[in-house]
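Reading the structure
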There are 2 protein chains.
Amino acid sequence: MQIVILLYPDMTALDAIGPYEVLARLPEAKLTFAAEAAGPVVADTGCLTLEAERGLSEIAAADLLLIPGGPGDAAVRENAKLTQEIRRLHEGTRFTTSVCTGSLILGAAGLLSGLRATTHWTQLETLREYGAEPTAERVVEQGKIITAAGVSSGIDMALRIAQKLVGDDFAQALQLGIEYDPQPPFDCGSPEKATPHVVEMVKAAMAR
Amino acid sequence: MQIVILLYPDMTALDAIGPYEVLARLPEAKLTFAAEAAGPVVADTGCLTLEAERGLSEIAAADLLLIPGGPGDAAVRENAKLTQEIRRLHEGTRFTTSVCTGSLILGAAGLLSGLRATTHWTQLETLREYGAEPTAERVVEQGKIITAAGVSSGIDMALRIAQKLVGDDFAQALQLGIEYDPQPPFDCGSPEKATPHVVEMVKAAMAR
């Protein structure tokens, strides 16, 4: 089971590290962090550096490809070499997946045309530019393409993929292993649940 | 607001990256990843490398110190230099915090004596070795020391700390920004909720 997670500058780290923590623990998993080239990648906060073990073009094949989101998605969408590598790997995957605005990268790679998909709630309409139909569900499955909503949703997506791959018991053990029994202090994790003021705060922050 | 997150070999990355994703976005936050020495740190899966920007002894002071957990906690607990640095920084913190078995490190540093504390559910009894009273709550506050349960609980803890520091609206905006509206596929994230078979699977995996 070859799992490849893309890293790129100005990505949102939790988009990648949430699902990584589940997927790396699948039986026979071989998980590789890959970027345009091997080496350090600085996340969107500027204070975290993750190491890419390989360049994406060095990866022969992937069973599962995961594309995280973050403000750096725009540069990746415009990087024809990277979107071509994503298309190439997608041809052989069992699952091609994204978290947050990683789905916009899948869109730019031409993989979402005619499909329902999700992304960070502030960016849903942007999916239409790639011929996708935005949906606010947390995890959206369209054949082997699975897109997840903003940032923390990657954990939910990874557990669902684990369920498909190794069944309920093992997936439940992974969930219990990371003690994923969420108790957020507020019930405001989606725009429908948050106050209008808080929604505006996030929109303003994302626009900067 | 100086925030310091400890990195060490064989740590569990999500313990650190979950709260990082919240805390780094606090107003005026200056977040630093620090290890015994600056440089690369390989997480417990063997397939992820995070960069420590500084050595812990180079950090003059921290307003918030966060100690993640993972199988590498045992080596840190036995590292007198590191536990001394943790004690030194703790003297000046507003919050000294841990996720998962990071609380065992706080215990080894002598900071939990007589306090209620939590950790990964498989390790609760180990807290007694440090004079702490184990409790299975997800986030445990004892004055300025806050301990969180296994792995994913660090996100809940960080949002609670955000609430204390910057109030409900900003904390809610952080929660909405990471779209933290959890929808795990199962309700099995604590040992009370999981089947006995799944509990045994995790215990066996943790014992290896």
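As a reminder, the structure under discussion sits directly above these lines.
**A closer look at the overall build of chain A**
The secondary structure content of chain A amounts to six helices and eleven strands. Its C-alpha atoms give chain A a radius of gyration of 16 Å, within 12% of the compact-globule value 17 Å for 208 residues. Its C-alpha atoms give chain A principal-axis dimensions of about 45 × 40 × 40 Å. Of all 208 residues assigned to chain A, the portion counted as buried reaches 59%. Long-range contacts, defined here as pairs at least 24 residues apart, represent 62% of the contacts in chain A between residues at least 6 apart. Carbon and sulfur atoms form 48% of the exposed surface of chain A, whose accessible area is close to 7400 Å². Side chains of chain A give 17 positive and 27 negative charges; the mean places of these two sets differ by 4 Å.

**What to know about the relation of the copies chain B and chain A**
You can overlay chain B on chain A at an RMSD of 0.0 Å; the transform is a turn of 180° with a shift of 0.0 Å along its axis. What the rotation and shift describe, once combined, is the action of a two-fold rotation axis. Within chain B, B:Leu50 has its C-alpha nearest the rotation axis, a separation of 2.4 Å. With an isologous cut-off of 70% or more, the 100% of interface residues of chain B that recur at the interface of chain A puts this contact in the isologous class.

**Concerning the environment of B:Arg116**
Residue and element names in this part refer to chain B. On the secondary structure map, Arg116 appears in strand E8 (residues 116-117). Given the relative accessible area of 28%, Arg116 is considered partly exposed. Arg116 sits 17 residues away from Glu133 along the chain, and the two C-alpha atoms are 4.5 Å apart. Here Arg116 is in contact with Glu133, Thr135, Glu137, Val140 and Gln142, once residues within four sequence places are set aside.

**Quick look at the packing of aromatic side chains**
Aromatic ring pairs: the centre-centre distance and the angle between the two ring planes describe each pair. Residues and elements named next belong to chain B. Within the structure shown, the criterion is met by two aromatic pairs over all chains. Seen in terms of ring centroids, Tyr20 and Phe33 are 5.5 Å apart; in terms of plane orientation they differ by 50°. Their pairing is tilted. Of the two residues, Tyr20 sits in helix H1 (residues 13-23) while Phe33 sits in strand E2 (residues 30-35), which places them 13 residues apart along the sequence. On the basis of relative accessible area, Tyr20 is assigned to the buried category, the value being 0%. The class of Phe33 is buried, set by a relative accessible area of 0%.

**With respect to the pattern of salt bridges**
Note that side chains of opposite charge can pair when their charged atoms are close. Residues and elements named next belong to chain A. Under the criterion given, the structure shown has 26 salt bridges over all chains. Put simply, Glu200 and Lys203 hold a salt bridge, and the shortest N to O gap is 3.9 Å. Highlighted residues: Glu200 and Lys203, both in helix H6 (residues 196-207), separated by three residues, approximately one helical turn. When its relative accessible area of 46% is taken as the criterion, Glu200 is described as partly exposed.

**Topic: unusual backbone geometry**
All names here are of chain B. Positive phi, normally seen in glycine, also occurs at Asp10, with a value near 65°. With respect to the helices, strands and loops of the structure, Asp10 is situated in the loop between strand E1 (2-6) and H1. We note that Glu28 has phi near 65°; this positive angle belongs to a residue other than glycine. Looking at where Glu28 falls in the secondary structure, it is placed in the loop between H1 and E2.

**Regarding the side chain of B:Glu179**
Tracing the backbone shows B:Glu179 in the loop between helix H5 (153-177) and helix H6 (196-207). Despite its burial, B:Glu179 remains without a salt bridge, the nearest opposite charge being carried by A:Arg138 at 5.1 Å. Of note is the side chain of B:Glu179, whose polar atom sits 3.1 Å from the backbone nitrogen of A:Trp121. When residues no more than four places from it in sequence are discounted, the contact partners of B:Glu179 are A:Thr119, A:His120, A:Trp121, A:Arg138, A:Ala149, A:Gly150, A:Ser152 and A:Gly189.

**Quick word on empty space enclosed by the protein**
Residues and elements named next belong to chain A. In the structure shown here, the tally under the stated rule is one cavity of 30 Å³ or more. In this structure, the largest cavity spans a volume of roughly 30 Å³. Lining the largest cavity are Glu36, Leu56, Ser57, Lys81, Leu82 and Glu85. When grouped by side-chain class, the residues that make up the lining of the largest cavity number two nonpolar, one polar and three charged.

**Section: the pairing of strand E11 (residues 145-148) of chain A**
Looking along a regular strand, one sees the side chains alternate between the two faces of the sheet. Residues and elements named next belong to chain A. Of the two faces of E11, the one lined by Ile145 and Thr147 and the one lined by Ile146 and Ala148 are each fully buried. In this structure, strand E7 (residues 95-99) lies alongside E11, joined through four bridges in parallel fashion. Counterpart to Thr97 in the pairing with E11 is Ile146. In this antiparallel pair of consecutive strands, strand E10 (residues 139-142) and E11, the connection spans two residues, and Gly143 shows a positive phi of 60°.

**Let's talk about the environment of B:Thr101**
Residue and element names in this part refer to chain B. Note on placement: Thr101 falls in the loop between strand E7 (95-99) and helix H4 (102-108). Its relative accessible area of 5% is what places Thr101 among the buried residues. Placed 46 residues apart in sequence, Thr101 and Thr147 show a C-alpha to C-alpha distance of 9.3 Å. Ignoring any residue separated from it by four or fewer positions in sequence, one finds Thr101 in contact with Gly69, Gly70, Asp73, Thr119, His120 and Gln123. Reaching out from Thr101, the side chain makes a polar contact with the side chain of Asp73 at a distance of 3.0 Å.

Conventions we followed
Residues numbered from 1 in each chain as written. Chains lettered and ligands numbered in written order. Predicted model: local features only at pLDDT ≥ 70, side-chain atom pairs only at ≥ 80, totals over all residues. Heavy atoms only, no water. Helix = DSSP H or I, 4+ residues; strand = E, 2+ residues; numbered from the N terminus. Rg over C-alpha atoms; globule rule 2.2 N^0.38 Å. Buried < 20%, exposed > 50% of the residue type's maximum accessible area, 1.4 Å probe, protein only. Contact = heavy atoms within 4.5 Å. Areas by Shrake-Rupley, 256 points an atom, 1.4 Å probe, with all protein chains shown as cover. Lys, Arg positive; Asp, Glu negative; His and termini not counted. Charge placed at Lys NZ, Arg CZ, Asp CG, Glu CD. Least-squares fit on C-alpha atoms with pLDDT ≥ 70 in both. Phe/Tyr/Trp six-rings, centres within 6.5 Å; stacked < 30°, edge-to-face > 60°. Salt bridge = Lys/Arg side-chain N within 4 Å of Asp/Glu carboxyl O. Polar contact = N/O pair within 3.5 Å; in protein donor to acceptor, adjacent residues only side chain to side chain. 1 Å grid on protein atoms, 1.4 Å probe; cavity = no way out; pocket = protein on both sides within 12 Å on 5 of 7 lines; lining within 4 Å. Points joined across faces, edges and corners; volume = space filled by probe spheres on them. Nonpolar A, V, L, I, M, F, W, Y, C, P; charged D, E, K, R; others polar. Pairing = 2+ DSSP bridges.

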